[in-house]
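The lines below spell out each chain.
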Amino acid sequence: MTLAAHLPSGPHSLLKIIGAASALGAPHPGTAAAPDALRAGGLRERLAGLGIAVEWLETLKPLATPPQDADMATRLAANAEFARRLADHVAALDPSVFPLVVGGDHAIAVGTWRGLARRAGGAPGLIWIDAHLDSHTADTTHSGNIHGMPLAALLGEGDARLAGIPGPRLDPARTCIIGARAWEPEEHRRIERLGVRIFDMSEVRERGLAAVFCDALTIARRGSGKEGGFGVSIDLDALDPQSLPAVSCPEADGIDPQALADLLLTLRGCGDFIGMEIVEYRPDLDLRGECARWVAEFAGAALGPGSYPLREKERRYGAANYAPLPAVFHRGEGVWLWDVEGRRYLDMMSAYSAVSFGHANPRLVRALTDQAQRLALTSRAFSSDRLPVLFERLWATFGYERALPVNTGLEAVETALKAARKWGHKVKGIAPDQAEIIACDNNFHGRSIAIIGLSSNAHYRDGFGPFPPGLKRIPYGDAHALEAAITPQTAAFLVEPIQGEGGIVVPPPGYLRRCAEICARHDVLLIADEVQTGLGRTGRLLACDHEGVRPDGVILGKALGGGLLPVSAFLADRKVMDVFHPGDHGSTFGGNPLGAAVAIEVLALLAETRIWERADRLGERFRARLRAARLPGVIEVRGRGLLIGVVFDPAISAARVAEHLLARGVATRDTNGNVIRLAPPLIVGEAELELTVDILSAVLAQPARTAEAMH
């Protein structure tokens, strides 16, 4: 299938990269190698992986390179020749193409933007992101380096060989500089005289990069519908050299690269964004490739597809087994998420409790990357050096003699069901094929055929029968119902200590303890599904710990993978787990070294931080604050720790409330029809919880005409 057969990705749907391999204007030849290094380092492949239709069009090189000690006239002539050729190539691009020029020293900018101006039929607005003003002329330069002259030349000042390259001059009223912090008085006076707006680093620090970038966009886009659009030129020395040292002229205290990448996301929806340039990369100083990664990050942030085309691709090519809310997330850090247009959201769902230690937790990411570079997968046909350590840590943390690792929570539940049935047949003595499993109404243990056979949700079951025999349900929270349902064929009772998908339902006090007594008396296994509730979520290491109950088996998942990988496990003592023999059960990826390494670090963080104590303390305050707010339409606030359900009057649709929360920057979902789940990463702060209460209050206090839309 050709690229043309794919759905368009947005305003910048066909990207072509032009390398400008010139260091003619710089004091060091290192930047000339930048385009080839970026190409070899996979810049095109990284961008293509984001869904961008991208081609590396060409790499231009100087026809001749004067010696470093050549006179100014000779060097200006060489720079002008190269810039003119670059301008001709850019101007000749098809109108459907978006050019990304990668350099090279910043002197190439004269060619980039004169060529784009010719192609657009008018000078574009320009956001110049640079530590320097680059507005010297041959008469004012202190260093003699021509890469300090391109902005002056683009504005029509300086040596005619540069300033006279064909194409419209930049309009100073539509040109601005972000991040400047090093200049000589002569060039600053020139910029002020011409009327170019400078957002220097002192202003960036005072107002914040987001506010400055917003103002810069306003300047560059003035009249852009008829004046040739706007572009962005990034000199990498604008960034803080602690993060990007591989540049020609580093200057201390620059822009945070991640903050810039987040803001560049806003360009994805700008149809008048017509060109981008990234310059002054020195691969000879980038021994680990970190700066090359940032080049790809900046280009991908600005030029990747937006929400609409991505959602349309998902709708067209994906199965319709989910109905996601209208946000497309691009990045997460701590308790925050960013969508592909750069909007920030407070994560109050944490991927159904999987992201307990926050997005991109540095220790977990380090464990992942270290192991990925060493060994990711062998299958269980062989042993690895990671899985035995995980087994030992699981035993040390939870006290169970055996663990069986799998990938998803569903697999762990299936593992527990298989263990319970075989235990029932081989140990308890239940006749072959007669073992029964009891679960509860309103449960959610997954969506395999066997598991939905235990479900009381008609939607989950519709069209998927017949279901395996031997599956029974009883009312949740009713210990008498459990005792009445047990027969000599009952092998196990599978229960959630708190029902998550069922609406954050907490059972009556003493329920689990009573169930444990009943199961022990009737020789029935008590198996706790702690996939969503375990690992500190409810204010205890396990939710069963609230009642001092030690089940015969525990199912773990979600948070065990640190929000990075699917890692789950079934834990039990030998009397249960030893029913398995080689070949009885397995998974190619279950217990893989990569997942094991991450899970080991998760358990280490749990032991070091005892984060469940924080969840208990913050959760109690959060529930009290929600109740004290007397939110209109709310009939109950329930839960434990940081697993909280806000229950609405049936007249209000919790799904609509979730949509309104998303529109105001809080990401969560409804559950069980009329309940909003509030389950942030366990590292959340009180300020974020207070913000959630305020935003929920604002949503529910909307005028009646808006509230009606929530019905």
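What you see is a predicted model; the values in this text were computed from it and never measured.

Trainee: Describe in detail the overall build of the protein chain, supporting the description with residues and values.
Mentor: Check the secondary structure of the protein chain and you find 26 helices and 23 strands. Taking the principal axes of the C-alpha coordinates as reference, the protein chain spans close to 100 × 65 × 45 Å. Residues counted as buried form 57% of the 711 residues belonging to the protein chain. Put simply, 74% of the contacts in the protein chain that link residues at least 6 apart link residues at least 24 apart. As displayed, the protein chain has an accessible area near 28500 Å², and 52% of this comes from carbon and sulfur atoms. Seen as two clouds, the 75 positive and the 83 negative side-chain charges of the protein chain have centres 4 Å apart.

Trainee: Which residues make up the sheet that holds strand E1 (residues 14–20), and what are the values?
Mentor: Overall, parallel pairing links the eight strands, which are arranged E2-E1-E3-E8-E7-E4-E5-E6 in an open sheet. Here the strands that pair on one side only, and so sit at the sheet edges, are strand E2 (53–60) and strand E6 (197–199). With strand direction ignored, the average angle separating the axes of adjacent strands in the sheet is 15°. In terms of strand pairing, strand E7 (residues 230–235) meets strand E8 (residues 273–279) through six bridges, oriented parallel. Along E8, the bridge assignment pairs Val232 with Met276. Across the face of the sheet, helix H3 (residues 72–91) comes into contact with E1, E2 and strand E3 (98–103) while running at roughly 150° to E2.

Trainee: Provide a residue-level description of the layout of surface pockets, including the pertinent values.
Mentor: Roughly 690 Å³ of internal volume is contained in the second largest pocket. The wall of the second largest pocket is formed by 16 residues, among which Glu290, Arg293, Ala360, Val365 and Thr369 lie closest to the centre. For the lining of the second largest pocket, the class distribution of residues is three nonpolar, five polar and eight charged.

Trainee: Please give an account of the pattern of salt bridges that cites residues and values.
Mentor: Here the structure, examined in full by the defined rule, presents 41 salt bridges. Between Arg540 and Asp616 there is a salt bridge, and its shortest N-O distance comes to 3.5 Å. You can see Arg540 sitting in the loop between strand E16 (525–529) and strand E17 (553–556) and its partner Asp616 sitting in helix H23 (residues 611–628), a full 76 residues away along the chain. Given the relative accessible area of 31%, Arg540 is considered partly exposed. When its relative accessible area of 26% is taken as the criterion, Asp616 is described as partly exposed.

Trainee: Any details on helix H10 (residues 257–264)? Residues and values, ideally.
Mentor: For H10, a buried count of seven out of eight residues is recorded, marking the element as mostly surrounded by other parts of the structure. Listing the buried residues of H10 in full gives Pro257, Gln258, Leu260, Ala261, Asp262, Leu263 and Leu264.

Trainee: Help me get a handle on the sheet that holds strand E22 (residues 670–671), residues and values and all.
Mentor: One open sheet holds the four strands; their spatial order is E19-E20-E23-E22, and the pairing between them is antiparallel. Of all the strands in the sheet, the pair left with one neighbour each is strand E19 (634–640) and E22. Pairing of strand E20 (residues 643–648) with strand E23 (residues 675–678) involves four bridges; the strand directions are antiparallel. The residue of E23 that forms the bridge with Val646 is Ile676. Along the sheet, H23 makes contact with E19, E20 and E23, crossing E19 at roughly 175°.

Trainee: Report on the pairing of strand E13 (residues 436–440), specifying residues and quantitative values.
Mentor: Of all the five residues making up E13, five are buried; the element is thus mostly covered by neighbouring parts of the structure. What you see with E13 is no split at all: Glu436, Ile438 and Cys440 on one side and Ile437 and Ala439 on the other are buried throughout. Strand direction decides the pairing type here: E13 and strand E15 (residues 490–495), joined by three bridges, are parallel. Following the sheet pairing, Ile437 is matched in E15 by Ala492. Two strands pair when backbone bridges link them, and E13 and strand E14 (residues 471–474) are joined in this way by four bridges, in the parallel orientation.

Trainee: Tell me what's going on with the side chain of Glu530, and back it up with residues and numbers.
Mentor: Mapped onto the secondary structure, Glu530 falls in the loop between E16 and E17. Of the side chains with opposite charge, Arg640 comes closest to the buried, unpaired Glu530, at an N-O distance of 9.3 Å. Among the polar contacts listed, one links the side chain of Glu530 to the backbone nitrogen of Ala543, at a separation of 3.0 Å. Filtering out sequence-adjacent residues up to four positions away, Glu530 remains in contact with Pro497, Leu542, Ala543, Cys544, Val554, Ile555 and Leu556.

Trainee: Kindly report on empty space enclosed by the protein, identifying the contributing residues and their values.
Mentor: Under the counting rule described, the total for this entry stands at two cavities of 30 Å³ or more. Computed from the structure, the largest cavity encloses a volume of approximately 60 Å³. What lines the largest cavity is simply Leu390, Pro405, Val406, Asn407, Pro566, Val567, Phe589, Gly591, Asn592, Gly595 and Ala596. Mapped onto the lining of the largest cavity, the elements with two or more residues apiece are strand E12 (402–406) and helix H22 (593–609). Lining the second largest cavity, in full, are His136, Thr137, Ala138, Met149, Ala152, Ala153, Glu157, Gly158, Asp159 and Leu162. A per-class count over the lining of the second largest cavity returns five nonpolar, three polar and two charged.

Trainee: Give a detailed account of the packing of helix H14 (residues 362–372) against H22, specifying residues and quantitative values.
Mentor: Contact geometry for H14 and H22: axes closest at 9 Å, N-to-C directions at 155°. The orientation of H14 relative to H22 falls into the category roughly antiparallel. Here H14 runs over H22; the crossing is right-handed. Residue-level contacts link Arg363, Leu364, Arg366, Ala367, Leu368, Gln371 and Ala372 of H14 to Pro593, Leu594, Ala597, Val598, Glu601, Val602, Ala604, Leu605 and Glu608 of H22.

Trainee: Could you give me a rundown of the nonpolar core, with the residues and numbers involved?
Mentor: Soluble globular proteins tend to bury their nonpolar side chains together. In this structure, Phe398 and Leu626 are the most contacted members of the largest nonpolar core, which totals 67 residues. Sorting elements by how many residues they give to this core places H22 first, with nine residues. Look past the residues within four positions of Leu626 in its chain and what remains in contact with it is Leu631, Val637, Ile644, Val646, Leu678, Val693 and Leu696. Core analysis: the second largest hydrophobic core is formed by 57 residues, Leu209, Cys291, Ala301 and Leu303 among them.

Conventions used here
- Along each chain, the written sequence defines residue order, and numbers are assigned to residues from 1.
- Local features are withheld for residues below a pLDDT of 70 in this predicted model, meaning they are given only at 70 or higher, and side-chain atom pairs are given and counted only at 80 or more; totals for whole chains, interfaces and linings count all residues.
- Heavy atoms from the whole structure form the basis of all side-chain values; hydrogens and water molecules are not counted.
- Elements are defined by DSSP. Helices are runs of H or I of four residues or more, strands are runs of E of two residues or more, and each kind is numbered from the N terminus.
- Relative accessible area decides the class of each residue, using a 1.4 Å probe on protein chains only: under 20% of the type maximum gives buried, over 50% gives exposed, and in between gives partly exposed.
- Two residues qualify as a contact provided that any one of their heavy atoms is within 4.5 Å of a heavy atom in the partner residue.
- All accessible-area figures derive from a Shrake-Rupley calculation using a 1.4 Å probe, and residue coverage is judged against the displayed protein chains alone.
- Only four residue types enter the charge count: Lys and Arg as positive, Asp and Glu as negative, with His and the chain ends excluded.
- One atom stands in for each charge, and that atom is NZ of Lys, CZ of Arg, CG of Asp or CD of Glu.
- Each pair of strands is called paired provided DSSP finds at least two bridges between the two strands.
- Here an axis means a line fitted to C-alpha atoms, over the contact stretch when the element is a helix, while the angle between two N-to-C directions is reported on a 0 to 180 degree scale.
- Both cavities and pockets are sets of points on a 1 Å grid over the protein atoms alone; in a cavity a 1.4 Å probe fits but cannot get out, in a pocket the set is open with protein on both sides within 12 Å along at least five of seven lines, and lining residues sit with an atom within 4 Å of a point.
- Grid points are joined across faces, edges and corners, and a volume is the space filled by probe spheres set on the points.
- Lys, Arg, Asp and Glu make up the charged group, whereas Ala, Val, Leu, Ile, Met, Phe, Trp, Tyr, Cys and Pro make up the nonpolar group; the residues left over, Gly among them, are polar.
- Salt-bridge detection follows one rule: a side-chain nitrogen of Lys or Arg within 4 Å of a carboxyl oxygen of Asp or Glu.
- For this analysis, a polar contact is any N or O atom pair within 3.5 Å, provided that within protein one partner can donate a hydrogen and the other can accept it, and provided that sequence-adjacent residues contribute only side-chain to side-chain pairs.
- Each angle is binned into one of four classes, with values under 35 degrees roughly parallel, values over 145 roughly antiparallel, values of 65 to 115 roughly perpendicular, and all other values oblique.
- Note on convention: the crossing is left-handed when the near helix lies turned anticlockwise from the far helix by less than a right angle, right-handed when the turn is clockwise.
- Buried Ala, Val, Leu, Ile, Met, Phe, Trp, Tyr and Cys residues form a nonpolar core when they are joined through side-chain atoms within 4.5 Å.

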